[in-house]
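Residue-level listing of the chains:
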Amino acid sequence: MKKWVYIVLIFFWAIPSGFAQLKIHTFEEAEQLAVKNPKPFVVFTHTSWCKFCKMMENSTFKNVEISNKLNDSFYFIALDAEDKKDIRFNNHTFQYKPTGTNTGIHELATALATNNNQVIYPTLTILGPDYSILFQQASYIKAQDLLMVLEKMK
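Residues numbered from 1 in each chain as written. Predicted model: local features only at pLDDT ≥ 70, side-chain atom pairs only at ≥ 80, totals over all residues. Heavy atoms only, no water.

Engineer: Can you help me understand the sheet that holds strand β9 (residues 123-127) in this one?
Structural biologist: In any sheet, the strands associate via hydrogen bonds between backbone groups, in a parallel or an antiparallel arrangement. Read from one edge of the open sheet, four strands run β2-β1-β9-β10, paired in mixed fashion. Lying at the two open borders of the sheet, with one neighbouring strand each, are β2 (75-80) and β10 (133-138). Each neighbouring strand pair of the sheet contributes to a mean axis angle of 15°, computed without reference to strand direction. Examined bridge by bridge, β9 and β10 share five bridges and lie antiparallel to one another. Pairing of T123 across the sheet is with A138, part of β10. (Pairing = 2+ DSSP bridges. Helix = DSSP H or I, 4+ residues; strand = E, 2+ residues; numbered from the N terminus. Axes fitted to C-alpha atoms, helices over the stretch in contact; angles between N-to-C directions.)

Engineer: Help me out: how do you make sense of the state of the cysteines in this one?
Structural biologist: A covalent bond between the sulfur atoms of two cysteines is referred to as a disulfide. The tally for this structure, following the rule as stated, stands at one disulfide. With its sulfur 2.5 Å from that of its partner, C50 forms a disulfide with C53. In this structure, the disulfide formed by C50 and C53 twists by about 85° around the S-S bond and is classed as right-handed. Classification of C53 as buried rests on a relative accessible area of 0%. (Disulfide = S-S within 2.5 Å. Buried < 20%, exposed > 50% of the residue type's maximum accessible area, 1.4 Å probe, protein only.)

Engineer: So what exactly am I meant to see when it comes to helix α2 (residues 27-36) here?
Structural biologist: Along an α-helix, residues three or four apart share an orientation, since each turn contains 3.6 residues. When α2 is considered as a whole, its buried residues turn out to be F27, A30, E31 and A34. The arc that holds every buried residue of α2, seen down its axis, measures 100°, which confines them to one face. Exposed side of α2, more than 90 degrees from the buried face: Q32, V35 and K36 are the residues found there. Those residues of α2 hidden inside the fold are in contact with β1 (41-46), β2, β3 (87-89) and α5 (107-113). (Arc of directions from axis to C-beta. Contact = heavy atoms within 4.5 Å.)

Engineer: What should I look at first to understand the packing of aromatic side chains in this one?
Structural biologist: Note on aromatic pairs: each is described by the distance of the centres and the angle between the planes. The final tally for this structure, using the stated rule, is eight aromatic pairs. Ring centres 5.8 Å apart and planes at 90° place the aromatic pair W49 and Y121 in the edge-to-face group. Taken together, the positions of W49 in the loop between β1 and α3 (51-58) and Y121 in the loop between β8 (118-119) and β9 put the pair 72 residues apart, joining distant regions of the chain. Exposure remark for Y121: the relative accessible area of 19% places this residue in the buried category. A network of ring pairs unites the aromatic residues F27, F41, Y75, F89 and Y131 as a single cluster. Sitting over the face of the ring of Y75, K39 holds its NZ or CZ atom 4.7 Å from the ring centroid. (Phe/Tyr/Trp six-rings, centres within 6.5 Å; stacked < 30°, edge-to-face > 60°. Lys NZ or Arg CZ within 6 Å of the ring centre and 35° of its normal.)

Engineer: Quick question: what am I supposed to make of the confidence of the model for the protein chain here?
Structural biologist: Keep in mind that low pLDDT regions are not for reading the predicted coordinates in detail. Put simply, the protein chain has an average pLDDT of 90, and 87% of its residues get 70 or more. Low pLDDT (under 50) marks residues 4-18, which in the prediction has one contact with non-local residues, meaning those over four places away or in another chain. (pLDDT = per-residue confidence, 0-100.)

Engineer: Can you walk me through helix α4 (residues 64-73) in this structure?
Structural biologist: Every buried residue of α4 is accounted for by I66, S67, K69, L70 and N71. Close packing links the buried residues of α4 with β1, β2 and α6 (143-153). The N-cap residue of α4 is N63: its side-chain oxygen and the backbone nitrogen of E65 are 2.8 Å apart. (Polar contact = N/O pair within 3.5 Å; in protein donor to acceptor, adjacent residues only side chain to side chain.)

As C-alpha cells, then:
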C-alpha cells in the first residue's frame with residue numbers, strides 16, 4: 001500500500017503546476033463551433049521536418065498563458081502543410097498538390113503561409129470570423145511575443 005502512495009505522490013510531483021492542454025481543432029470543427037460562438041482562428045502551418053516548427057510546438061504552444069489564451073479566445077488549428085487529406089473550409093475544398101516524387105504541398109497551406117511568393121514554415125496566421133487574414137508571421141515566435149499579438153487580436 002505504501003508503495004502505491006509513493007508512486008501517486010511522485011506522479012503528482014512530476015506534473016508541472018498550472019499544466020494546460022492546448023485544444024487543437026480541425027478546420028471543419030472550428031468552422032462549426034464558430035457558427036454558435038464566433039472567434040478568430042489561429043492557424044499554425046508547419047511540417048514534420050521543420051526544426052523551428054518543432055521548437056514552437058515544444059515551447060511556445062506549451063506555455064500555460066498561451067494555451068489558456070488560445071483556448072479561451074481563439075480556435076487553434078494546426079495545419080500540416082504536407083497532409084494529403086482534403087480539407088473543407090469556407091465553402092471550398094482544398095487538396096494536396098504533388099510537386100514531385102513523394103513531395104507536395106496542401107493548397108490551404110499555400111493560401112495561408114505564402115509570404116513574398118514563398119511558403120515559409122512555420123507560419124502563424126490569424127483569421128477573423130469572416131475568414132480574412134488579420135495577422136501573418138512567417139518565422140519562429142516566442143511565447144511572450146505571441147502573447148502580445150494575441151492580446152491585440154482579442
